[in-house]
Amino acid sequence: MFTSSKNKSYRESFSGRVGKERSKKQRSFKELHPSRRVNTQQPAPTQSSPSQASSSPTSPNLNSAIVTLCVGPSKRLFAAHEDVLAKSPYFAQACRAQFFEASGKRIDLPSEDPEVFSAVLEYLYKGDYSPKLLFDKKRASWSLDDDDGTAGGQRESTVFGHGTGGPVLKDTVIYCSANRYHLPELQRLALKKQGLQSGVQCSTILTSARYAYANTPASDSKLRAHYLALIVRSRNTFKRSGTMQMEMEAGGTPLFFDLFVAMVNHLDDIAGVRSPR
């Protein structure tokens, strides 16, 4: 059921937590020398969720060189091990292009959202991102680990979508970033988490759908199909809200043609079930 709750972010960014764990005094990533090598003892293995058994990255090599990443218009700095980043073909190529750089490697991501990149980086290190995906063996069902330590996912987590004029579901933006960085397992994880979201406003669904269409190839058959099915199932809610009418009058996106086709197919399916045999 759709509600009108205020948009909230689940947690602080991954880079922010790392900084707090190191010391009480805040330090900028600028204090890290780009060519510094860190010898870190491998953490003890922990029990992973069923989803991580097939999708979590292999144990990172924390002895590799540190790469500096400058993210977003605010140029927020992140630091990551090169071998961890190399699990993404996109970042592996970017690191190889700077093979002869003597002063350290630096990757600029001016159009990326720092909060989204923090989730991508958390996935590369841990195989998941906050809120964690939980599996209930008794009920054989999935859920999201909420802020208070309970399984939920009843609140929408959004970021501001550039070019949409409004909030976009964070999992949608992570899916699109994972597509850009060639991380198909992260795409599947983001899509599964998005399917567990509830209480999302109609306007947020529409802006997220437009963002998905603008940042995925026409051949995408998962995220786009997810939004088409969601809107078809919730057509009565959209009709009452009036947001669909405004979006369709604005036009300018293939979303509504695909939605028209999906609606027609849905009606054909219903007619096929009701017709006598």
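Everything numeric in this text was worked out from a predicted model, so none of it was measured.

This paragraph deals with the overall build of the chain. The helix and strand tally for the chain stands at twelve helices and seven strands. Among the 277 residues that make up the chain, the fraction classed as buried is 44%. Of all intrachain contacts in the chain linking residues separated by at least 6 positions in sequence, the fraction that spans at least 24 positions is 68%. Accessible surface, the chain as shown: approximately 15,800 Å² in total, 54% of it carbon and sulfur.

If charged atoms from side chains of opposite charge come close, those side chains can pair. If you walk through the whole model with that rule in mind, you get seven salt bridges. In this structure, Glu112 and Arg180 form a salt bridge, with 3.1 Å as the shortest nitrogen-oxygen distance. Of this pair, Glu112 sits in the loop between β3 (106-109) and α5 (114-126) while Arg180 sits in helix α6 (residues 170-180), placing them 68 residues apart in sequence. We classify Arg180 as partly exposed; its relative accessible area is 31%.

On to the sheet that holds strand β1 (residues 66-71). Pairing is mixed across the open sheet formed by three strands, whose spatial order is β2-β1-β3. Here the strands that pair on one side only, and so sit at the sheet edges, are β2 (76-81) and β3. Taken over all neighbouring pairs, the strand axes of this sheet differ in orientation by 25° on average, direction set aside. Strands β1, β2 and β3 of the sheet are contacted by α5, whose axis makes an angle of about 10° with β2.

What follows is about the nonpolar core. The biggest cluster of nonpolar side chains holds 54 residues, and the ones touching the most others in it are Leu69, Phe117 and Leu186. Ignoring any residue separated from it by four or fewer positions in sequence, one finds Leu186 in contact with Val120, Tyr123, Tyr129, Ile174 and Ala178.

A separate point is unusual backbone geometry. Note that the residue after Ser130, namely Pro131, is joined by a cis bond; omega there is -5°. For Lys75, which is not glycine, the phi dihedral falls at a positive 55°. By the secondary structure assignment, Lys75 is in the loop between β1 and β2. In this structure, His182 takes a positive phi of about 60° despite not being glycine. Checked against the element boundaries, His182 lands in the loop between α6 and α7 (184-195). When its relative accessible area of 47% is taken as the criterion, His182 is described as partly exposed.

What follows concerns the packing of aromatic side chains. Scanning all chains against the criterion turns up six aromatic pairs. Each ring, one from Tyr90 and one from Phe91, has its centre 5.2 Å from the other, and the planes form 90°; the classification is edge-to-face. Among the aromatic residues, those joined into a cluster by ring pairs are Phe78, Tyr90, Phe91, Phe117 and Tyr181. Sitting over the face of the ring of Tyr181, Arg180 holds its NZ or CZ atom 5.3 Å from the ring centroid. One Lys or Arg, Lys193, reaches over the ring of Tyr129 and ends 3.7 Å from the middle of that ring.

What counts, and where the lines are drawn
Residue positions are given per chain, counting from 1 as you read along its sequence in written order. Whole-chain, interface and lining totals are the exception, using all residues; otherwise, since this is a predicted model, local features are given only for residues with pLDDT of at least 70 and side-chain atom pairs are given and counted only at 80 or more. Side-chain metrics rest on all non-hydrogen atoms present in the structure, leaving aside hydrogens and water. Helix numbering and strand numbering both begin at the N terminus, where a helix is a DSSP run of H or I of at least 4 residues and a strand a DSSP run of E of at least 2. Each residue is placed in one exposure class: buried if its accessible area under a 1.4 Å probe, protein chains only, is under 20% of its type's maximum, exposed if it is over 50%, and partly exposed if it falls in between. Here, two residues are considered to be in contact whenever any of their heavy atoms come within 4.5 Å of each other. Here, Shrake-Rupley sampling with a 1.4 Å probe gives the accessible areas, and only protein chains in the shown set may cover a residue. Should a side-chain nitrogen of Lys or Arg be within 4 Å of a carboxyl oxygen of Asp or Glu, the pair is scored as a salt bridge. Whether two strands pair depends on DSSP finding at least two bridges between them. Axis definition: a line fit to C-alpha positions, over the contact stretch in the case of helices; interaxial angles, taken between N-to-C directions, run 0 to 180 degrees. Throughout this description, the term nonpolar core refers to a set of buried Ala, Val, Leu, Ile, Met, Phe, Trp, Tyr and Cys residues connected via side-chain atoms within 4.5 Å. Under the pairing criterion, centres of Phe, Tyr and Trp rings, with the six-membered ring standing for Trp, must be within 6.5 Å; the plane angle then separates stacked pairs below 30 degrees from edge-to-face pairs above 60, leaving the rest tilted. In our convention, an over-ring charge means Lys NZ or Arg CZ found within 6 Å of a ring centre and within 35 degrees of that ring's normal.

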